[in-house]
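# Summary of structural features
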Amino acid sequence: MKKYSHNLPHTRCHFVARTIVPDMTRLDAERPRRGSLALLNLNKLTPRLTINAKLAIAFALLTVVPLLAAVTVATPIVLDQLRSAAEQTLEYNLDLVHQGVSRSIQEAEQHLSFVADAIIGDQLSPTPSTDRARATALASTFLRVDSSAVFRVRAFDTDARVRFDAGRLARLQADPSTQTDGELLYLWTAENALSEGRLFLPVELRDPASADNSFGVIPAIAILQPIRDARGDLLGVAVAEATASALFQSLELATPGLKGAIGLVDMEGRFLYHSERKRDWASLLAAEEATNLRAEFSPDVAAAILSGRPGTVRTEHDEFTSFRPITAVAAGGAPLVLYRSVPLAAVNATVRKFLLGASAIGIAVLGLVLWVAVIAARQFTKPIYLLQRAARDLTERGQTQPVLVETNDELEDLARDFTSMAESLVQHRENLETMVSARTRALQETRAELSEIVTHSADAIIGLDVDNRVRLWNDGARDLFGYEDREAIGEHIDRLIGGAEAQRKHESAYIERMLRETGSVVNLRTVRTPKDGPPFPVGLTQTSLTDEDRNPLGSSLIIRDHRMQQSLEDQMRRTERVAAVSIMAAGLAHELNNPLAILGNRIELMQRDAKSNGASEQVQKDLAVLGHHVQRLRGVTTDLLGFAREDGDQSSRIELEEILGRVIRLFQRTFTTKGIRLELKTDRGPHCITGHDSAIETVFVNLLLNALQTTPQGGSVSVECRSRGDDDAFVVVEVRDTGPGIPKDIQKRIFEPFFTTKGDKGGTGLGLAVCRTIAERHGGSISIESEEGSGSRFLVSLPTHRGAV
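Residues numbered from 1 in each chain as written. Predicted model: local features only at pLDDT ≥ 70, side-chain atom pairs only at ≥ 80, totals over all residues. Heavy atoms only, no water.

### Here we look at the overall build of the protein chain
Operational definition: Helix and strand definitions follow DSSP, with helices as H or I runs of at least four residues and strands as E runs of at least two, each counted in order from the N terminus. The buried label goes to any residue with under 20% of its type's maximum accessible area, the exposed label to any with over 50%, and the partly exposed label to all in between, with areas taken from a 1.4 Å probe on protein chains only. Should any heavy atoms of two residues lie within 4.5 Å, those residues are counted as being in contact. Each accessible area is a Shrake-Rupley result for a 1.4 Å probe, and residues are judged covered by the shown protein chains and nothing else.
Counting secondary structure elements, the protein chain contains 24 helices and 23 strands. Counting across all 805 residues of the protein chain, residues that qualify as buried make up 40%. Taking the contacts inside the protein chain whose residues are at least 6 apart along the sequence as the reference set, 60% of them involve residues at least 24 apart. Working note: accessible area of the protein chain is about 46,400 Å², and carbon and sulfur atoms make up 55% of it.

### Here's the deal with the packing of aromatic side chains
We apply this condition: Ring geometry is summarised as follows: Phe, Tyr and Trp rings, the Trp one being its six-membered ring, pair when their centres sit within 6.5 Å, and such pairs are stacked at plane angles under 30 degrees, edge-to-face over 60 and tilted between the two. Both a distance and an angle decide whether a charge sits over a ring: NZ of Lys or CZ of Arg must be within 6 Å of the ring centre and within 35 degrees of the ring normal.
This model, assessed by the stated rule, comprises five aromatic pairs. Geometrically, the ring pair formed by Trp 473 and Phe 481 is tilted, given 6.2 Å between the ring centres and 45° between the ring planes. For Trp 473, a relative accessible area of 4% translates into the label buried. An aromatic cluster is built from Trp 473, Phe 481, Tyr 483 and Phe 536, whose rings are joined through pairwise contacts. Over the ring of Phe 536 we find Arg 563, and its NZ or CZ is 4.1 Å from the ring centre.

### Digging into the sheet that holds strand β12 (residues 460-464)
Here is the rule: The criterion for strand pairing is that DSSP finds at least two bridges linking the strands in question. In this analysis an axis means a line fitted to C-alpha atoms, helices contributing only their contacting stretch, and an angle means the value between N-to-C directions, from 0 to 180 degrees.
One open sheet holds the five strands; their spatial order is β13-β12-β16-β15-β14, and the pairing between them is antiparallel. A strand with exactly one partner marks an edge of an open sheet, and here the two such strands are β13 (470-473) and β14 (520-528). Between one strand axis and the next, the sheet turns through 25° on average, direction left out of account. Across three bridges, β12 lies against β13 in antiparallel orientation. Pairing of Leu 464 across the sheet is with Val 470, part of β13.

### Some words on the side chain of Ser 792
Here is the rule we go by: Residues adjacent in sequence count toward polar contacts only when both atoms are side-chain atoms; beyond that, a polar contact is any pair of N or O atoms within 3.5 Å, and within protein one must be able to donate a hydrogen and the other to accept it.
Along the chain, the position of Ser 792 falls in strand β23 (residues 792-799). Separated by 3.0 Å, the side chains of Ser 792 and Ser 786 make a polar contact. If we ignore the near neighbours within four places in the chain, the residues touching Ser 792 are Val 735, Arg 736, Asp 737, Gly 741, Ile 742, Glu 785 and Ser 786.

### Let's talk about the confidence of the model for the protein chain
The criterion, for reference: A score from 0 to 100, pLDDT tells how confident the predictor is in each residue.
On average, residues of the protein chain carry a pLDDT of 75, and 75% of them reach 70 or more. This model gives residues 173-181 a pLDDT under 50, and the stretch forms 21 contacts once residues within four places in sequence are excluded.

### Observations concerning helix α22 (residues 693-710)
The following threshold applies: Helices are assigned an expected span. That span is 1.5 Å times one less than the residue count.
Between its first and last C-alpha atoms α22 spans 26 Å; for 18 residues at 1.5 Å apiece the expected length is 26 Å, and the two agree. Burial of α22 is extensive: 14 of the 18 residues sit out of reach of the surface.

### Remarks on the environment of Thr 543
Mapped onto the elements of the fold, Thr 543 is located in strand β15 (residues 536-546). Considering only alpha carbons, one finds Thr 543 and Gly 554, eleven residues apart in sequence, at a separation of 8.8 Å. Filtering out sequence-adjacent residues up to four positions away, Thr 543 remains in contact with Leu 515, Gly 519, Ser 520, Ser 555 and Ser 556.

### Here's the deal with the side chain of Asn 474
One can find Asn 474 in the loop between β13 and α15 (475-481). Taking the relative accessible area as the measure of exposure, Asn 474 reaches 2% and is therefore buried. From its side chain, Asn 474 meets the backbone oxygen of Asp 459 in a polar contact 3.1 Å long. A distance of 3.0 Å separates a polar side-chain atom of Asn 474 from the backbone nitrogen of Ile 461. Residue contacts for Asn 474: discarding those within four places in its chain leaves Val 454, Thr 455, Ser 457, Asp 459, Ala 460 and Ile 461.

### Points about the packing of helix α13 (residues 382-397) against helix α14 (residues 410-455)
What counts is decided by this rule: Convention used here: angles under 35 degrees read as roughly parallel, angles over 145 as roughly antiparallel, angles from 65 to 115 as roughly perpendicular, and any remaining angle as oblique. Ten residue types, Ala, Val, Leu, Ile, Met, Phe, Trp, Tyr, Cys and Pro, are classed as nonpolar, four, Asp, Glu, Lys and Arg, as charged, and the remainder, Gly among them, as polar.
Running from N to C, α13 and α14 cross one another at 0°; their axes reach a closest spacing of 11 Å. Judged by the inter-axis angle, α13 sits roughly parallel to α14. Between α13 and α14, the contacting residues are Pro 383, Ile 384, Leu 387, Ala 390, Ala 391, Leu 394, Thr 395 and Arg 397 on the first element and Leu 411, Leu 414, Ala 415, Phe 418, Ala 422, Leu 425, Val 426 and Arg 429 on the second. For the contact of α13 with α14, a count of residues per class yields 13 nonpolar, one polar and two charged.

### Thoughts on the nonpolar core
To keep things clear, this is the line we draw: Here, nonpolar core means buried Ala, Val, Leu, Ile, Met, Phe, Trp, Tyr and Cys residues that are tied together by side-chain atoms lying within 4.5 Å of each other.
If you look at the biggest cluster of nonpolar residues, it comprises 40 residues, and the most contacted ones within it are Ile 696, Phe 700 and Leu 703. Among the elements of the structure, α21 (656-673), α22, β20 (716-724), β21 (730-737), α24 (767-777), β22 (781-786) and β23 are those that each provide at least two residues to this core. The dominant element in this core, judged by the number of residues it contributes, is α22, at nine residues. Excluding residues within four positions of it along the chain, Ile 696 makes contact with Ile 654, Leu 656, Ile 659, Ile 689, Ile 774, His 778 and Leu 798.

Quick look at the structure:
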């Protein structure tokens, strides 16, 4: 805010000036606009220069720009023409040399072709028509009469045997010190050549009669022509050996006109000739690295020269280099390359002289113009500087002083108007600063309030960028998901708190589509995963954010914890299911009461008949048992009606040991038949409670039935009754079995109505639900402790009857 307040006067000055001095604004708008003068407006070109500098620049531009334009246009043209002429001269000179060398090579080829076709081909055939001496004499006479560089022609068969040797220096042999077995070398080169034409091979020959081999070495170029029969089989090779100095003598005459160097290299880059490095022919094949073409030029330039194509390039040493391959008439390759280099400095010398002269004239003219401009500017810039100083004082200190200018022109009017404007501006600025300060305080308070609301909101408020990476992470998000700010900022929201992979892909596609179509997703029910812990249900609201031009900036994400709401919804569903069970229980009880009443009456009649007729004691006991269980069923139906109606029947004092003993005696035979041991344990007695004996009996019957169905043969079921609490306020009945146990994930659901794990074995899912209802109606509770493979423990806790012994 300090920076804004400091810059405020500059902005407001312009606004107030145009408000207070409308006449000047109108006059300025009414002035005719001249397009030609607008192009020379130095205020737009250089707004930070002084008036003296601008005047000097204006005079300099008027004088120097035409001169610079002419020089700028002419210099590239002259330079291009000189370089083009130099390049053309270079290529022309190189073409002359190339023609001379090619002519010498062509003549040597023609001589070889004549001797090979007329004489050597016949000598290499199995049945030569002329004798060898006559053929040799004929070839020697031809070579002596001719003035070419060829001094000897030889022929070898496929076994490297010399079949023909004629010429002016027939006694010379290939130098074994530089080429091992020259005949084999010639034959091997001809046999492995890809082309059917003649081939070049640089060699060094020596005279065997010479005592000092250094004086007997003759650099030469061997021209090879394979000799084949009518079927194309190789008969041998004809070789014409020509002295390099005679074959390339035009190279030494190719230096007039331009400075530079000329060279001749083979395809390996070795110099055969160089006008500066290797002018003599004493050693034809120089293999030293310093005299190799690749040491002379960069790899790109050397590759271009040795590519076998003619051309001209500019090297890294500022030289023009033109090159031409020397290819024989019938040869298939380019064994030698001729090049010439001319330094660019020789071409640019004239251009540099021209540029130096033009620069000296321009500097002199520019200095003169600047001196005249400064003298003229001082005559009328003083009033402007006074106005500038007054404006600076007004801007920096907020004070104004009258500007005294006596020029009797527009500058004097401008100074007077400026003084009036400054006085009004000071007053307006004070009012504006007061208003801005008040609004700034209000804005800061609103921003702080909004920041507190977002930061400390109980819901998770998250700011995302266009790539769904976290930019804002409030306290609610930290408390809900467990990530600190430094852990969350910059992370992708789906990787940070996303759910399962399949659900996340489907959900992300839906959210992106809704944001694109409507701009928001409201209260989406989903799940999210915290840093530590399982996924939990949430409500998600996401809104896209854009700037004034509708460019996306990101989105805001509000996540609300729905675990409590889901728990309430689950509880409501359970309540609805219990209500449905209650209705079903009431209907079932009404349906059972009528048959039970008939059964009870029939049993009473049968008991009377048994007593009157003197039936056996066992029959009378069976009838008594039947009557007891009918009464028990009537109690069950009564409990079902109570479960449905929530009525408050009167209860009585009950001894748990008596009920447990009765139930165990009822199941003892069944357990024994299945091979399961059933036992009752009690710490001390009696343990009395207040309640309905039939309902309590129903609880333990259901628990023992469950234990009977889950315990395997040879197992055991124990029922233990004990007191709990220091004052024996509760009595606990534990039913323990040795069955397979109940998995953790379904233990919390086993008391829900209609939930059963028995499948098609006859379970209805009502037994444990009724047990829980009866226990809670008596002020107690029922719970389970179980581990898979270790059996289960059902704990029924009931309040003790006060006053019980």
